[in-house]
Each structure stands twice: as C-alpha cells, then as structure tokens.
Amino acid sequence: MRAVTLAAEDDFEGWRDAARALAQAHVAPPEVVWRVGDGGGDLFGAVADPPPPPAGGAQLRVPKAFVELAQAVVLHSDPQRFSLLYTLLATDPHRIEDRADPLVRRLELMAKAVRRDIHKMRAFVRFRELVDEGGSRFVAWFEPEHHIVRANARFFVERFASMRWSILTPDVSLHWDGTTLSEGPAAARGDAPADDPVEAVWKTYYASIFNPARLKTGAMLKEMPRKYWKNMPETALVKELVAGARARETAMVETSRSAVGGNVEGAWEALRDEAAACTRCPLYRPATQTVFGEGPLDADMMLVGEQPGDQEDLAGRAFVGPAGQMLNKALDEAGIDRARVYVTNAVKHFKFEPRGKRRIHAKPDAGEITACRWWYEQELALVRPKLVVALGATAARQITGKAATISRLRGQQLALPEGGTGWVTVHPSYLLRLPDADAAAQAYRDFVADLRGAWALLP
C-alpha cells in the first residue's frame, strides 16, 4: 500500500506529479491512498512515498482534455476525487472520449460543479468598505462549495487591481494590497463588515430596476440561488419589492376601470399597449409581435388557446389561421357567436423552430407559460368572464396554475384559482393533425359537443 500526502485540498501539481510516477511504475489504483496534510486517507494503510519514475522510460502521455478535467476535478470537495482521477489515469486516460463511461461521466459532473461554483463566486462576492490604518479596504465574505478560492484569485486581482481587498472564506482568506496577493487563515462570517454607506445607494438603485417577472419565471433564482442571498444586500429587499409590485399591478387595473367610469376599454388598450413591449421571456426576440386577446370586454365566456401560430404572429390577431378557421366552424355548429366571446392565448408570442423558410410550431415550456401568466391574469381581471374555456394542455395549465392533462379534466367544471368556472377541451389544431378521416370526424364532433356543453353552463 502506498500513501500520497498532498500539500493542500487544491494541490493539482502535487497530485499530477505523484500520479504520473505511480502510473509509470504500474501501481494499481487500489494500492494508493490519497490524503491531504494530516487528514484523510486510510489510517491502517502502510505509508510510503510514491516511486520515482522509471529511468529512461517512456514519458506518460495523456490527452489535453484529461489534464483540463483533472485541474477542475481536483478542486471538488469529494474526498474520493484524487483516487477517481488516478483510476482513470492508470487504466486508460483516453477513456475520457467515451462520455457514456460511468467514471468519465462522474468526473465530468464534478468538473461541472466546480466550474459552476467558480462562476457563483465571481457573481456573488459583495465587497464592503472597511477603514483601517492603511485607509480603505474592501472586505467580502463567501462560502464556496468546493476548493475554488485560490483558483479564482487571479480573476479578482485583475478585476479589482486598484483596490485593497480581502475575500474571507471558511477555508482560506485572500488579501490584495494593490501589488501583492497573500493568503491568510480561515475566517468566520463575523470577521467581515455587515454593511457600509455605499449599500444604501445600491439598494435604492436595485429597487428601481427590480423586475418581479424574473422571480416569477425562475430567471432570478437561476442567476442568484437563495443560498447566496444572505451575503447580498439587495436580496433583503426582494420580499417587499415583490409584494409592492403585485399591489401596483392590481391597483393599475382597478384605477383604469374607475378612470373610465366602469368602461374597461381604456384599461384594456393600456394593457395591450404594455404587452406589445413585453420582454418577460425570450420568445419576444424571434417573434414578429405580441398577439394580444380580443373580443367584447364584458364577455361571459373567455377562450384561451396555446399561443399564436405563424399567421397569427404576422397578423397580430388570435385564431386567424387554420386552427382559427376550425374554431370558428365549431363555434358556429355549437350555436356560439364568436363575436360574443373573448379569445386569447396562454402565451402571447409565437414560439417556433426555423426550417428553411418555414417556421414550425414549438410547444411553450413551463417557464414561458408562467412568464405570460401575468397578462392572462390582467385580461381575466378586466373581462371578468363567468366561464373560461381552455383549448389544449398549455391553456389548461395556464388557467389552473398547474400541469394538467386533457383526458383527466375534459368536460368537467373546474373551480379556478381567481374565481369563476373553468372548462377544458382540445385545441382545434389537434383536429387538423389527425391523419385518419373517421377519427378526425369523430374528434370534431366531440369538440363541438364540448363547446356546446360549456355554453350551456352560462345562465
């Protein structure tokens, strides 16, 4: 049994030199114990230095990708990382090209976690000013998941070269005096200042640019996970800002109603104009325009589709393409005048995949549906329909606020979160996709029956 003691948790050079010597001496992975400093390792194993590389032997050559992978994995917090890397090196480092290999996959996931932690440190370190005998020093506290602090030092030196700063962590501290980077011992959270005068200015600015839609869609949580909130001054404002934004949204609708003496036309036009500039999710970029709802603002029935199609995107109106023609025909057979119905979509921008000159419909995902829920809620608050009919699974998810299947909900009266009654049926585009003529004819008759059943619920 051979034991290798590395100088530090992130000692890549030490691991590399020892691993190369061991591999060239054909020492099997189970015969090696890796430890750091005075800790870790097999306490019952015999301790011996790694062998010197064979004299005059061929140099061990590995793919460049293996070296890059090892540099990242060594920074991981898993105590088995050194052994796993050596196993790959000693058996066949070219296995790294086989992404299906379980060991390679495990190491790649570790490297990915390390790279993510490096990014989080760069994004979420917040310096606070501390005045000492040398003048102003900026101090930050950070709690990394992995051993990334030294590896990240160069980034902060280059980014804040003119500042005197310190980054304190539970493992090691970094100090930069404008010329020299030095290390210090582990620190505690209380060693960093709690706030400074600049934070009041920053909080004011953050409050002015805060967009609650980013929290609703999960974008903010992806960029700023909750585990880092305690280290960041602006996040203390989030709860209050979200509550205030919601109150402002509700007040806007109610104010618009009262401003026109109970006629909601002005409120609807303002909402439509605001939606035209919507950037709540990335779908606005490739789409031609926002396609808002339309119809009488005192309608008893609201129809909610999935999203605009190609023709709707170009025309700027809901249900004007083939699915719209199918819907009009079915409404007519069900005895429903479309002019008496408010028609809208769960998602207001056309999502598609380009194929040559064609734009092929793509199903909206959960984040995109959630991002558009605000517009649906405001339309609902303005129109106040007695019945909301969801056309398809995406619309059903929007009106109920959760994932739904047509087969489970179809033909049932549903109590909606905002009040009122919901009803679920298929989307008319579904009827257009059925290849069998008999099946399509039956599906159409069922669709007409669904619409007729929904209309019968109204007084």
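In the block above lies the structure referred to throughout.
Below: a short report on this structure. Everything numeric in this text was worked out from a predicted model, so none of it was measured. (Residues numbered from 1 in each chain as written. Predicted model: local features only at pLDDT ≥ 70, side-chain atom pairs only at ≥ 80, totals over all residues. Heavy atoms only, no water.)

On to the layout of surface pockets, then. Reported here for the largest pocket is a volume of approximately 710 Å³. Lining the largest pocket are 30 residues, with A323, H361, H427, S429 and R433 sitting closest to its centre. Among the elements of the structure, α11 (310-315), α12 (322-333), β11 (358-361), α14 (393-400) and α16 (428-433) are those that each provide at least two residues to the lining of the largest pocket. The residue inventory of the lining of the largest pocket, partitioned by class, reads 13 nonpolar, 10 polar and seven charged. (1 Å grid on protein atoms, 1.4 Å probe; cavity = no way out; pocket = protein on both sides within 12 Å on 5 of 7 lines; lining within 4 Å. Points joined across faces, edges and corners; volume = space filled by probe spheres on them. Helix = DSSP H or I, 4+ residues; strand = E, 2+ residues; numbered from the N terminus. Nonpolar A, V, L, I, M, F, W, Y, C, P; charged D, E, K, R; others polar.)

Compared with an ideal rise of 1.5 Å per residue, which puts 13 residues at 18 Å, helix α1 (residues 12-24) spans 18 Å between its outermost C-alpha atoms and is within 8% of the ideal. Those residues of α1 not exposed but buried are F12, W15, A18, A19, A21, L22, A23 and Q24. Elements that come into contact with the buried residues of α1 comprise β1 (2-6), β2 (32-36), α2 (64-73) and α3 (81-91). The N-terminus of α1 is capped by D11, whose side-chain oxygen sits 2.8 Å from the backbone nitrogen of G14. (Expected span 1.5 Å × (residues − 1). Buried < 20%, exposed > 50% of the residue type's maximum accessible area, 1.4 Å probe, protein only. Contact = heavy atoms within 4.5 Å. Polar contact = N/O pair within 3.5 Å; in protein donor to acceptor, adjacent residues only side chain to side chain.)

Between helix α10 (residues 265-275) and helix α13 (residues 366-383), whose axes approach to 10 Å, the crossing angle comes to 170°. The angle between α10 and α13 falls in the class roughly antiparallel. Contacts from A267, W268, L271, E274 and A275 of α10 reach α13 at W374, W375, Q378, E379 and L382. The residue inventory of the contact of α10 with α13, partitioned by class, reads seven nonpolar, one polar and two charged. (Axes fitted to C-alpha atoms, helices over the stretch in contact; angles between N-to-C directions. Parallel < 35°, antiparallel > 145°, perpendicular 65-115°, else oblique.)

What follows concerns empty space enclosed by the protein. A water-sized probe, rolled over the atoms, reveals where empty space remains. Applying the stated rule across the entire model yields one cavity of 30 Å³ or more. Approximately 40 Å³ is the volume attributed to the largest cavity. Taken together, C278, R280, C281, L283, V347, K348, H349, A371 and C372 make up the lining of the largest cavity. Counted by class, the lining of the largest cavity contains six nonpolar, one polar and two charged residues.

One pass over the structure, following the stated rule, counts 12 aromatic pairs. Aromatic pair W268 and F292: ring centres 6.0 Å apart, planes at 55°, arrangement tilted. With W268 in helix α10 and F292 in the loop between α10 and β8 (301-305), the pair connects residues that are 24 residues apart, well separated along the chain. Summarising the burial analysis for this pair, W268 and F292 share the class buried. Here the aromatic residues F12, W15, W34, F82 and Y86 are joined through ring pairs into a cluster of three or more. Across from the ring centre of W375, 5.5 Å away, lies the NZ or CZ of R280, which sits over that ring. Looking at K329, its charged tip hangs above the ring of Y444, at a distance of 5.0 Å from the centre. (Phe/Tyr/Trp six-rings, centres within 6.5 Å; stacked < 30°, edge-to-face > 60°. Lys NZ or Arg CZ within 6 Å of the ring centre and 35° of its normal.)

With that settled, consider unusual backbone geometry. For H26, which is not a glycine, the phi torsion comes out positive at approximately 60°. For H26, the location among the structural elements is in the loop between α1 and β2. The exposure class assigned to H26 is exposed, which follows from its relative accessible area of 73%. Despite not being glycine, F319 shows a phi value in the positive range, around 55°. Following the sequence through the fold, F319 ends up in the loop between α11 and α12. With relative accessibility at 5%, the residue F319 sits in the buried group.

Counting buried positions along strand β12 (residues 387-391) yields five of five residues, so the element is predominantly enclosed. Neither face of β12 is exposed, since L387, V389 and L391 on one face and V388 and A390 on the opposite face are all buried. Relative to β12, β8 runs parallel, the two sharing four bridges. Looking across to β12, one finds that V304 is bridged to A390. Pairing between β12 and strand β14 (residues 421-425): five bridges, direction parallel. (Pairing = 2+ DSSP bridges.)

Under the defined criterion, the tally for this structure stands at 20 salt bridges. Across the salt bridge formed by E306 and K363, the nearest N and O atoms sit 3.8 Å from each other. Residue E306 is found in the loop between β8 and α11, and its partner K363 is found in the loop between β11 and α13; the two are separated by 57 residues along the sequence. On the basis of relative accessible area, K363 is assigned to the exposed category, the value being 52%. Of the charged contacts in the structure, one is a salt bridge between K348 and E379, with a shortest N-O distance of 2.7 Å. Of this pair, K348 sits in the loop between β9 (341-345) and β10 (352-355) while E379 is found in helix α13, placing the two residues 31 residues apart along the sequence. Taken individually, K348 and E379 each receive the classification buried, so the pair is uniform in this respect. Through salt bridges with shared partners, a single network forms among D10, R150 and E183. (Salt bridge = Lys/Arg side-chain N within 4 Å of Asp/Glu carboxyl O.)

A word on the sheet that holds β9. Read from one edge to the other, the open sheet built from five strands follows the order β9-β8-β12-β14-β13, with strand pairing classed as mixed. With partners counted over all chains shown, the strands left at the sheet margins are β9 and β13 (414-415), one partner each. Strand contacts of α13: β8, β9 and β12, with the helix running at about 165° to β8, the strand carrying the most contacts.

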